Amino acid sequence: TNDSINGFDRTDLDKLDIGDLLTGYTAGVSDNDAFARFTVSGADLLLQVDANGATGGASYSTVGTLVGLGTSGMDVEEMVAFGLLIMT
């Protein structure tokens, strides 16, 4: 499903936890970008997940819409590094 997320704020240390959606992900070993990405859609930012990473080719599904954050410049690697995107 695609959840709408209103008021997400990195400076408040809000977190997104997608760990239960991933299969075969190993922190520090797996390529984070093979499992998750952010895509701009108008004024919003879509959080998209490929449940099994590169296995079987890329197949991303939108799991969250961060309302009003289309120009935020969020990056998967940065979000993981700061503990704001949880993938385990």
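Heads up: the structure comes first, above all this text.
Residues numbered from 1 in each chain as written. Predicted model: local features only at pLDDT ≥ 70, side-chain atom pairs only at ≥ 80, totals over all residues. Heavy atoms only, no water.

Caption draft 1: Summary view of the sheet that holds strand S3 (residues 36–41). The mixed open sheet is built from four strands, whose spatial order is S1-S5-S4-S3. Two strands close off the open sheet at either side, each with one partner strand: strand S1 (3–5) and S3. On average, each strand axis in the sheet is inclined to that of its neighbour by 30°, with strand direction left out of account. As defined by bridge partners, S3 adjoins strand S4 (residues 44–49) across six bridges and the pair is classed as antiparallel. Its bridge partner being in S4, Val-40 is matched across the sheet by Leu-45. (Pairing = 2+ DSSP bridges. Helix = DSSP H or I, 4+ residues; strand = E, 2+ residues; numbered from the N terminus. Axes fitted to C-alpha atoms, helices over the stretch in contact; angles between N-to-C directions.)

Caption draft 2: Local environment of the nonpolar core. Judged by nonpolar contacts, the single largest core of 21 residues is most densely connected at Ile-18, Phe-38, Leu-47, Leu-66, Met-74, Leu-85 and Met-87. Broken down by secondary-structure element, the contributors of at least two residues to this core are helix H1 (32–35), S3, S4, strand S5 (61–66) and helix H2 (76–81). Considering every element that reaches this core, the biggest residue donor is S4, with three residues. The residues touching Met-74, leaving out its near neighbours within four places in the chain, are Phe-8, Arg-10, Phe-38, Leu-45, Leu-66, Leu-69 and Met-79. (Core = buried A, V, L, I, M, F, W, Y, C linked by side-chain atoms within 4.5 Å. Buried < 20%, exposed > 50% of the residue type's maximum accessible area, 1.4 Å probe, protein only. Contact = heavy atoms within 4.5 Å.)

Geometry only, nothing functional implied.
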